[in-house]
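# Coordinate inspection notes
Residues per chain, in single letters:
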Amino acid sequence: MPDFASPAALAAGLADAGYLADEGLAMAGFLALRLHRPIFLEGDAGVGKTAFATALAEAAGVELIRLQCYEGLDAAQALYDWDFPRQVLHLRAVETAAHGTLSAAELEAGLYDRRFLIARPLLQAIERAPCVLLVDEIDRADDEFEAFLLELLAEAAVSVPELGRIEAVVPPVVVVTSNRTREVHDALKRRCLYHWVGHPTPEREAEIVRRRLPGVGERLAREVAAATARLRTLDLVKPPGVAEAIDWAAALGALGVATPGPETLGVVLKVREDIELVRASDVV
């Protein structure tokens, strides 16, 4: 991994990758790299948590490996699985070639070889490090999966019963994100550096829009950022994130419209009650 000299240097690297990090996030990212600690990013959906991991991998010039969490996720889907069809073919080939001269123990030992192990994202990160491992939306996974992550976060290693312990030569940079749909256990948070990713100021959001959409004019970017900030002051079910602001600016640019209006609320709001509330409040 490249050695960024300071949080400001990391922020500059992220900016070159198209991501504008505030001072707090740049500091958290710098310490995660320097101390070899996972970083836990929490915040509303669409504020740029996933994009941070992507930009960090690009700035560091390493591979990004992503594990998307969901309810019911288990070790076989996140860590590894055995390639059963190949194992069966191997068994038949060995039996044919050996004509019964191998013992059952020898046959079984041949079946559980590394070449028959299908690496999922967590094992990929350990074996391919240096890299950035993104464990996205950990709050969607079950409590049991959180406990399963502890060994990897603490030691950059996993245990495969048939093969033993597999440890990373260089620990991957781990970015864990949560939309806070539920509380994540303290045991996982204690192993990480923590940063709350909030919504940007209108000025910074306008700059983000301009950077992501170079064809959008400065006036439209500012209008969209200001309108999005007003929407967030309302009691919405799903307040718009930065991603929605970018989509809104892109839609208005495609329409040739200079000012956000209620006719395009379906681009930035995705809940019927929210759209009705905004139209009634005359905020846009």
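Everything below is about the structure shown above.
Notes on the structure follow. Keep in mind that what you see is a predicted model, and the values were worked out from it rather than measured. (Residues numbered from 1 in each chain as written. Predicted model: local features only at pLDDT ≥ 70, side-chain atom pairs only at ≥ 80, totals over all residues. Heavy atoms only, no water.)

## Details of the pairing of strand E8 (residues 173-178)
The cut-off we apply is this: Each residue gets one of three labels from its accessible area relative to the maximum for its type: buried under 20%, exposed over 50%, partly exposed in between, using a 1.4 Å probe on protein chains only. The helix and strand labels rest on DSSP assignments: H or I over at least four residues marks a helix, E over at least two residues marks a strand, and numbering proceeds from the N terminus. In this analysis, strands are considered paired if DSSP registers two or more bridges between them.
Within E8, six of the six residues are buried, which leaves the element mostly enclosed by the surrounding structure. Side chains Val173, Val175 and Thr177 of E8 all project onto a buried face; the interleaved residues Val174, Val176 and Ser178 project onto the opposite face, where all are buried too. Here four bridges tie strand E1 (residues 39-42) to E8, and the two strands are oriented parallel to one another. Across the sheet, residue isoleucine 39 finds its bridge partner in E8, namely valine 175. As paired elements, strand E5 (residues 131-136) and E8 share four bridges and run parallel to each other. Bridge assignment links leucine 133 to a residue of E8, and that residue is valine 174.

## Focus on the side chain of glutamate 137
Where we set the bar: The contact definition used throughout considers only heavy atoms, calling two residues in contact when any of these lie within 4.5 Å.
When you line up the elements, glutamate 137 lands in the loop between E5 and helix H8 (143-155). Apart from the residues within four sequence positions on either side, glutamate 137 is in contact with Gln68, Cys69, Thr177 and Asn179.

## Describing the packing of aromatic side chains
Given two aromatic rings, their pairing is described by the distance between the two centres and the angle made by the two planes. How we decide: For Phe, Tyr and Trp, where Trp contributes only its six-membered ring, two rings pair if their centres lie within 6.5 Å, and the inter-plane angle classes them as stacked under 30 degrees, edge-to-face over 60, or tilted in between.
Under the criterion given, the structure shown has three aromatic pairs. On the numbers, 6.0 Å between centres and 20° between planes, the contact of phenylalanine 40 with tyrosine 194 is stacked. In this pair, phenylalanine 40 sits in strand E1 while tyrosine 194 sits in strand E9 (residues 193-196), placing the two residues 154 residues apart along the sequence. For tyrosine 194, a relative accessible area of 43% corresponds to the partly exposed category. Geometrically, the ring pair formed by phenylalanine 145 and phenylalanine 148 is tilted, given 5.7 Å between the ring centres and 35° between the ring planes. One end of the pair, phenylalanine 145, and the other, phenylalanine 148, are both in helix H8, three residues apart, so they sit about a helical turn from each other. On the basis of relative accessibility, which here comes to 2%, the residue phenylalanine 145 falls in the buried class. Residue class for phenylalanine 148 comes out partly exposed when judged on its relative accessible area of 28%.

## Description of the sheet that holds E1
Put simply, the test is: Whenever a helix is involved, its axis is fitted only over the stretch in contact; in every case the axis is a line through C-alpha atoms, and angles between N-to-C directions fall within 0 to 180 degrees.
The five strands lie next to each other as E2-E5-E8-E1-E9, forming an open sheet whose pairing is parallel. Unpaired on one side and paired on the other, strand E2 (63-68) and E9 mark the two borders of the sheet. Across this sheet, the average inter-strand angle for adjacent strands is 20°, counted without regard to direction. Along the sheet face, helix H2 (residues 23-35) touches E1, E8 and E9 and points at about 165° away from the line of E9. Against the sheet, helix H3 (residues 49-60) contacts E1, E2, E5 and E8, and its axis sits at roughly 165° relative to E8.

## Brief notes about the layout of surface pockets
Short version of the rule: Using only the protein atoms, space was sampled on a 1 Å grid; points where a 1.4 Å probe fits but cannot get out form cavities, open sets with protein on both sides within 12 Å along at least five of seven lines form pockets, and lining residues are those with an atom within 4 Å of a point. Grid points are joined across faces, edges and corners, and a volume is the space filled by probe spheres set on the points. Any residue outside Ala, Val, Leu, Ile, Met, Phe, Trp, Tyr, Cys, Pro, Asp, Glu, Lys and Arg is labelled polar, Gly included; the first ten of those are nonpolar and the last four are charged.
Roughly 520 Å³ of internal volume is contained in the largest pocket. Along the wall of the largest pocket there are 28 residues; nearest its centre are Tyr19, Val47, Gly48, Lys49 and Ala51. The set of elements that each furnish at least two residues to the lining of the largest pocket consists of H3, helix H10 (202-212) and helix H12 (242-255). Examining the composition of the lining of the largest pocket, we find that six residues originate from one element, H3, more than from any other. Here the residues of the lining of the largest pocket sort into 13 nonpolar, eight polar and seven charged.

## Notes on a nonpolar patch on the surface
What counts here: Think of a patch as exposed residues, more than 30% relative accessible area, with no salt bridge, where like charges cluster within 9 Å and nonpolar side chains (Val, Leu, Ile, Met, Phe, Trp, Tyr) cluster within 5 Å. To measure how exposed things are, a 1.4 Å probe is used in the Shrake-Rupley method; for residues, cover is taken only from the protein chains shown. Put simply, a salt bridge is a Lys or Arg side-chain nitrogen that is within 4 Å of an Asp or Glu carboxyl oxygen.
A cluster of nonpolar side chains, Met27, Leu31 and Leu35, forms an exposed patch at the surface whose accessible area comes to about 250 Å². Here leucine 35 lies in helix H2. Leucine 35 gets classed as partly exposed once you look at its relative accessible area, which sits at 48%.

Geometric descriptors of this kind do not, in isolation, establish any biological role.
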